[in-house]
Amino acid sequence: MAWWGFPRYVSKAEKQARAANKLERLKKKRDVKPVILQGSAIARSWWGKSWNKNLEAYADYSNRIGRGRSYVRHGAVLDLQIEPGKITALVQGSRSKPYEIVIQIGKLNRKIWQHIATSCSGMLESVSELVSGKFPKELGELFLQRGAGLFPSPKEIDFTCSCPDWASMCKHVAAALYGVGARLDEDATLLFTLRGVDMADLVGKTVSSKADNLLEMASKKSSRVIQDADLSALFGIDLSAGEKQAAIPGEYKRKKQAVRKKSVKANKLRSNPEKMKAKSPKSVRSGTAVKPGTPAKKRRKQI
Ligand SMILES: [Zn+2]
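Keep in mind the model is a prediction, meaning the values are calculated, not measured. (Residues numbered from 1 in each chain as written. Predicted model: local features only at pLDDT ≥ 70, side-chain atom pairs only at ≥ 80, totals over all residues.)

1. Overview of the sheet that holds strand β3 (residues 99-105)
Logical step 1: Ordered in space as β1-β2-β3-β4, the 4 strands form an open sheet in which the pairing is antiparallel. Looking at the sheet topology across the chains shown, the edges are occupied by β1 (77-83) and β4 (157-161). Recorded for the sheet is a direction-independent mean angle of 10° between the axes of neighbouring strands.
Logical step 2: With 5 bridges connecting them, β3 and β4 associate as antiparallel partners. Within β4, the residue paired with I105 across the bridge is I157. (Pairing = 2+ DSSP bridges. Helix = DSSP H or I, 4+ residues; strand = E, 2+ residues; numbered from the N terminus. Axes fitted to C-alpha atoms, helices over the stretch in contact; angles between N-to-C directions.)

2. Comments concerning the nonpolar core
Logical step 1: Judged by nonpolar contacts, the single largest core of 50 residues is most densely connected at V77, V91, V173 and A176.
Logical step 2: Per element, the largest residue contribution to this core is 9 residues, and it comes from helix α8 (residues 171-186).
Logical step 3: Apart from the residues lying within four places of it in its own chain, the contact partners of V77 are P34, V35, Y71, V72, A89, V91, A175, A176 and G179. (Core = buried A, V, L, I, M, F, W, Y, C linked by C-beta atoms within 7 Å. Buried ≥ 20, exposed ≤ 12 C-beta atoms within 10 Å, placed from the backbone. Contact = placed C-beta atoms within 7 Å.)

3. Considering the environment of K134
Logical step 1: Assignment of secondary structure puts K134 in the loop between α6 (127-131) and α7 (137-144).
Logical step 2: For the pair K134 and L124, spaced 10 residues apart in sequence, the C-alpha separation works out to 9.5 Å.

4. Examining the confidence of the model for the chain
Logical step 1: Averaged over every residue, the pLDDT of the chain is 78; the share at 70 or more is 65%.
Logical step 2: Contacts of residues 275-290 to residues separated by more than four positions or lying in other chains number 18 contacts, the stretch itself having pLDDT below 50. (pLDDT = per-residue confidence, 0-100.)

5. Observations concerning the environment of V197
Logical step 1: If you trace the backbone, V197 turns up in the loop between α9 (189-194) and α10 (209-220).
Logical step 2: Expressed as a C-alpha distance, the spacing of V197 and L150, which sit 47 residues apart in the sequence, is 9.8 Å.
Logical step 3: The contacts of V197, once residues within four sequence positions are left out, are L108, W113 and F192.

6. Thoughts on unusual backbone geometry
Logical step 1: Despite not being glycine, M169 has its phi angle at roughly 20°, a positive value.
Logical step 2: By secondary structure assignment, the location of M169 is in the loop between β4 and α8.

7. A closer look at α8
Logical step 1: The end-to-end C-alpha distance of α8 is 23 Å, a good match for the 22 Å that 16 residues give at a rise of 1.5 Å each.
Logical step 2: In terms of burial, α8 is a largely internal element, 15 of the 16 residues being buried. (Expected span 1.5 Å × (residues − 1).)

See below:
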């Protein structure tokens, strides 16, 4: 600070050098993840740009968030960590010690997430398609929808900074928020981590949410059997006896084993006609061929 009370002018190069110097010292002490831009653009991917666009769209932020751009550009975000519902950052300001920033982001509302997942049903084939931002335009619009998309609104964002000016978004908080945009260029999955949702929920779904609900209900039952009524409702068919067996693996297996035992018994008896006569003339008649693979009911009829 100069003697007449104005801060001394610090050039961009000087700020860059100071940040780089501090970063080197920090790296020796702990595992830091600095925000390093590739070129002059803060964000290049669909996800990074959309993150920034979302923040800039809100009147509450539009006047202040711009102050963070130059900080990100000269490498002042020395560390940025993203975890579920929380962003922590270290930003180099005018003081020697970097400022500590904590930003809490509300987890995505379940109803909004379900609506997004249903809207994506059958429209995305893989997580990589989603991560690369190469998806139908209407999905992009849905993701960006204010208050109903994937990106947080100001009421879902709370922040603190160790500087004296944090109450109304200081440069350091703004820089950390822009840093998230840059970080999403490298790894878009972090947005889903931050919002506490699993991006796999949006991919490869061809069944309706009704079917999902039924399957979820079935998995919650103590018995792992999916009830016939549920299956009928799910597939819109009236299940025959055979299909019911297929839907109840345990029972079907037991019946199959019983059939196999009977078949072995019958073969043994056929190879010994004397024993066969003595055993049961009604159940097994000599000379009657049983076609292999014939269902138990038919076998009995043939016999
Ligand atoms: Zn601050």
